[in-house]
Amino acid sequence: LFAGAAQVLRLPSNISPFDEALLLDERGDARAEEAYQRAIENGDGVADAFCNLGIIKSKEGLTAKAFDCFTKSLEYEPRHAESHYNLGNLYFEEGDLRLARMHYVLAAQVEPDFPNVYFNLGLVAALSLDFPTALNALKKYKSLASLDEGRKADELLENLQRSMSAKR
């Protein structure tokens, strides 16, 4: 019935290079990195593509390359909340609480309804012994997070309140 060699046809697609990369990334496909690079070359979702590349590099343990990707994302979109958040995470992992805090604050200013940024800001503030800021950040986290997620902050909030009471 089908004589001769089979031929695979590539059908035209209406999906953008960035969306293609995102689909590959969500599936854990290693081709996502190359697809994000194509999106960047095509000017499609450049800030998001650099940010997602940064996440990939971070997961691979390539911290310097992750920093580079997140900062390139911010070159294209200085108010890219996710890039600020991820830079905050990298600085936190590197032990630079001052820069971690700065990026968490910037992320919160750009996207004030992003719960995780407040949780991380609360941790950084607590580690910096700035208990009032930590308390406020964790309360804000609790107000934005689901009930289950909000419970994560309860113990931390109780410990902070005890620490604040002990300092008085």
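These figures come from a predicted structure and were not determined experimentally.

The rules behind each value
Residues numbered from 1 in each chain as written. Predicted model: local features only at pLDDT ≥ 70, side-chain atom pairs only at ≥ 80, totals over all residues. Heavy atoms only, no water. Helix = DSSP H or I, 4+ residues; strand = E, 2+ residues; numbered from the N terminus. Expected span 1.5 Å × (residues − 1). Buried < 20%, exposed > 50% of the residue type's maximum accessible area, 1.4 Å probe, protein only. Arc of directions from axis to C-beta. Phe/Tyr/Trp six-rings, centres within 6.5 Å; stacked < 30°, edge-to-face > 60°. Core = buried A, V, L, I, M, F, W, Y, C linked by side-chain atoms within 4.5 Å. Axes fitted to C-alpha atoms, helices over the stretch in contact; angles between N-to-C directions. Parallel < 35°, antiparallel > 145°, perpendicular 65-115°, else oblique. Left-handed = near helix turned anticlockwise from the far one by under 90°. Contact = heavy atoms within 4.5 Å. Nonpolar A, V, L, I, M, F, W, Y, C, P; charged D, E, K, R; others polar.

For helix α8 (residues 131-144), spanning 14 residues, the distance from its first C-alpha to its last is 20 Å, which sits close to the expected 20 Å at 1.5 Å a residue. Phe 131, Ala 134, Leu 135, Ala 137, Leu 138 and Tyr 141 are the residues of α8 that are buried. In a view along the axis of α8, the buried residues occupy a sector of 170°, so they form one face of it. In α8, those exposed residues whose orientation departs by more than 90 degrees from the buried face are Asn 136 and Ser 143.

Attention now moves to the packing of aromatic side chains. Under the definition given, this model contains six aromatic pairs. Taking 4.8 Å as the distance between ring centres and 65° as the angle between the ring planes, the aromatic pair formed by Tyr 85 and Phe 114 counts as edge-to-face. In this pair, Tyr 85 sits in helix α5 (residues 81-93) while Phe 114 sits in the loop between α6 (97-110) and α7 (115-127), placing the two residues 29 residues apart along the sequence. What links up through ring pairs into an aromatic cluster is the set Tyr 85, Tyr 104 and Phe 114.

What follows concerns the nonpolar core. Residues Tyr 104, Val 117, Leu 138, Tyr 141, Ala 153 and Leu 160 are the most contacted members of the largest nonpolar core, which totals 22 residues. Put simply, the parts of the chain that give this core at least two residues each are α6, α7, α8 and α9 (147-167). The element best represented in this core is α7, accounting for seven residues.

Attention now moves to the packing of α7 against α8. Where α7 contacts α8, the axes come no closer than 8 Å and their chain directions differ by 160°. Classified by the angle between their axes, α7 and α8 sit roughly antiparallel to one another. Once α7 is placed against α8, the crossing between them reads as left-handed. Note on element contacts: α8 touches α7 through Phe 131, Thr 133, Ala 134, Ala 137, Leu 138, Lys 140, Tyr 141 and Leu 144, opposite Pro 115, Asn 116, Tyr 118, Phe 119, Leu 121, Gly 122, Ala 125 and Ala 126. When its residues are assigned to classes, the contact of α7 with α8 shows 12 nonpolar, three polar and one charged.

Another point: the side chain of His 84. Relative to the helices and strands, His 84 resides in helix α5. The class for His 84 is buried, based on a relative accessible area of 6%. Look past the residues within four positions of His 84 in its chain and what remains in contact with it is Leu 74, Pro 78, His 103, Leu 106 and Ala 107.

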